[in-house]
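Spelled out from the first residue to the last, the chains are:
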Amino acid sequence: MNKSIKEQKSVIIILLSNIFIAFLGIGLIIPVMPSFMNIMHLSGSTMGYLVAVFAVAQLITSPFAGRWVDQFGRKKMITIGLLLFSVSELIFGAGTNVWVLYLSRVLGGVSAAFIMPGVTAYIADITTIQERPKAMGYISAAISTGFIIGPGIGGFIAEFGVRLPFYFAAGIAFIACISSLFILKEPLSKEELAEISANSKQTNFVGDLKKSLKPMYFIAFIIIFVLAFGLSAYETVFSLFSDHKFGFTPKDIAVIITISSIFGVVVQVFMFGKLVDLLGEKKLIQICLIVGVILAFISTVISSFIIVLIVTSFIFLAFDLLRPALTTFLSRAGGKEQGFVAGMNSTYTSLGNIIGPALGGILFDVNINFPYIFAGIIMAVGLGITFMWKEQQFKDSFLS
């Protein structure tokens with residue numbers, strides 16, 4: 001028993017490392033993008049399109065990737081995803097033509113669509129219902145930590161060459177791919193995979209979308225869309241908002257984002273499982289949305305650096321707890337179809353990530369406060385939707 005527990009912990013550490021490395025790689029390149037823009041003579045709109053292409057590729061691939069996770073196995077999708085991510089970073093670093101950069105971002109989006117459902121489904125397979133909230137909290141913390149540490153490491157590596165962070169990201173992703181290939185074992189037996197695969201072959205993309213409209217799933221997926229939409233709209237204009245309204249320096253903004261992110265990671269790692277046990281997913285989701293709504297509106301009337309830091313920390317925390325709470329609920333509801341659930345989770349997240357920043361930018365041009373007011377309204381709609389969730393649906397999902 002002790003040996004199996006140790007093996008489970010080792011596997012979870014490897015899976016979390018894979019997620020961490022993928023998002024570390026994304027974060028690594030953030031500090032060098034302005035310099036890269038100058039070297040490549042890229043416009044701001046081109047950079048925006050490069051971000052959008054990643055999200056669109058992830059959106060299109062996610063539903064198929066979710067089904068492939070169920071058909072071909074979790075391990076294969078994770079290792080292929082890490083390999084694609086490594087190749088995409090290598091291509092971007094070596095690229096001298098803008099179309100090569102677009103190709104890189106498409107591959108990056110596809111890799112994200114492979115890795116996330118694969119890891120989420122794998123962890124759901126090897127954890128009990130009681131263990132799962134803590135494990136999902138760890139996934140969210142690994143993502144956040146990668147984003148936090150990435151820019152700092154990227155800035156340091158860039159001192160030795162602007163293209164070097166891309167090569168470094170490619171290298172660590174390739175190492176993660178090889179280690180996963182040799183260390184990870186497929187969590188499902190061939191018989192289980194064959195059964196799930198037979199069921200998934202009877203459906204298609206349209207069928208999966210229809211299945212996602214079932215009340216048990218749909219409300220959770222809509223809130224995931226709302227979460228991604230509201231968070232991406234909020235984060236997209238945060239730097240512009242802080243600069244235009246408060247006159248904060250890039251250093252001030254970096255300090256706020258870093259401290260807020262670290263605060264969120266610490267709570268995720270040490271408190272998320274306990275909060276789910278104490279409140280349950282539904283109540284925790286509702287509390288996070290209430291906090292998000294209130295603080296989004298408060299953001300429009302504050303000005304002190306300390307107050308902005310506190311408000312931003314708790315907004316980020318609300319989002320950081322929402323994500324794993326929703327993922328935990330969906331993984332419980334999904335039963336054996338973890339790939340489908342994780343794939344559609346990624347689909348609705350990508351959709352929110354595409355629409356949110358675009359609308360946030362448009363609203364910012366109209367009025368500096370509008371993106372936050374709009375994010376608050378969207379979260380309030382999400383909160384209203386949660387009251388459509390019947391307690392029986394939660395109980396049924398836990399028993400399924």
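Reading the values: the criteria
Residues numbered from 1 in each chain as written. Predicted model: local features only at pLDDT ≥ 70, side-chain atom pairs only at ≥ 80, totals over all residues. Heavy atoms only, no water. Helix = DSSP H or I, 4+ residues; strand = E, 2+ residues; numbered from the N terminus. Buried < 20%, exposed > 50% of the residue type's maximum accessible area, 1.4 Å probe, protein only. Contact = heavy atoms within 4.5 Å. Expected span 1.5 Å × (residues − 1). Polar contact = N/O pair within 3.5 Å; in protein donor to acceptor, adjacent residues only side chain to side chain. pLDDT = per-residue confidence, 0-100. Axes fitted to C-alpha atoms, helices over the stretch in contact; angles between N-to-C directions. Parallel < 35°, antiparallel > 145°, perpendicular 65-115°, else oblique. Left-handed = near helix turned anticlockwise from the far one by under 90°. Nonpolar A, V, L, I, M, F, W, Y, C, P; charged D, E, K, R; others polar. Patch = residues over 30% accessible without salt bridge, like charges linked within 9 Å, V, L, I, M, F, W, Y side chains within 5 Å. Areas by Shrake-Rupley, 256 points an atom, 1.4 Å probe, with all protein chains shown as cover. Salt bridge = Lys/Arg side-chain N within 4 Å of Asp/Glu carboxyl O. Phe/Tyr/Trp six-rings, centres within 6.5 Å; stacked < 30°, edge-to-face > 60°.

(A) Main features of the overall build of the chain. Of the regular secondary structure elements, the chain holds 16 helices and zero strands. The buried share of the chain, reckoned over its 400 residues, is 54%. In the chain, once contacts between residues fewer than 6 apart in sequence are set aside, the share between residues at least 24 apart is 86%.

(B) How the structure looks around helix α5 (residues 98-126). For α5, built from 29 residues, the straight-helix expectation of 42 Å at 1.5 Å per residue is met to within 8% by its first-to-last C-alpha distance of 42 Å. In terms of residue burial, α5 counts as a mostly covered element, since 22 of its 29 residues are buried. The backbone nitrogen of Trp-99 lies 2.7 Å from a side-chain oxygen of the residue at the head of α5, namely Asn-97.

(C) How the structure looks around the confidence of the model for the chain. For the chain, per-residue confidence averages 78 on the pLDDT scale, and residues scoring 70 or more make up 82% of the total. Per-element mean pLDDT across the chain ranges from 46 in helix α16 (residues 391-399) up to 92 in helix α4 (residues 74-94). Confidence drops under a pLDDT of 50 for residues 392-400, and excluding neighbours within four residues, the segment shows 16 contacts in the predicted structure.

(D) Structural context of the packing of α4 against helix α7 (residues 164-183). Following both chains from N to C, one finds α4 and α7 inclined at 160°, their axes separated by 8 Å at the closest point. The angle between the axes of α4 and α7 places the two elements in the roughly antiparallel class. For the element pair α4 and α7, the recorded crossing hand is left-handed. Across from Lys-75, Thr-79, Leu-82, Leu-83, Phe-85, Ser-86, Glu-89, Leu-90, Phe-92, Gly-93 and Ala-94 in α4, the residues of α7 making contact are Phe-166, Tyr-167, Ala-169, Ala-170, Ala-173, Phe-174, Ala-176, Cys-177, Ser-180 and Leu-181. When grouped by side-chain class, the residues that make up the contact of α4 with α7 number 15 nonpolar, four polar and two charged.

(E) Structural context of a nonpolar patch on the surface. A cluster of nonpolar side chains, Leu-83, Val-87, Phe-174, Ile-178, Leu-181, Phe-182 and Ile-183, forms an exposed patch at the surface whose accessible area comes to about 640 Å². Residue assignment for the nonpolar patch shows that the elements contributing at least two residues are α4 and α7. Top element by residues in the nonpolar patch is α7. It accounts for five residues. Looking at the element boundaries, Val-87 is found in helix α4.

(F) Molecular detail of the packing of aromatic side chains. Overall, the coordinates contain six aromatic pairs when judged by the stated rule. Seen from their ring centres, Phe-64 and Trp-68 are 6.2 Å apart, and the 35° between their planes marks the pair as tilted. Taken as a pair, Phe-64 and Trp-68 lie in helix α3 (residues 44-72) at a separation of four residues, close to a single helical turn. A residue is classified by how much of its surface remains accessible, and Phe-64, at 31% relative accessible area, is partly exposed. With centroids separated by 5.3 Å and ring planes inclined at 70°, the aromatic side chains of Phe-263 and Phe-314 adopt a geometry described as edge-to-face. Here the residue Phe-263 occupies a position in helix α11 (residues 250-279), and Phe-314 occupies one in helix α13 (residues 305-334), the gap between them amounting to 51 residues.

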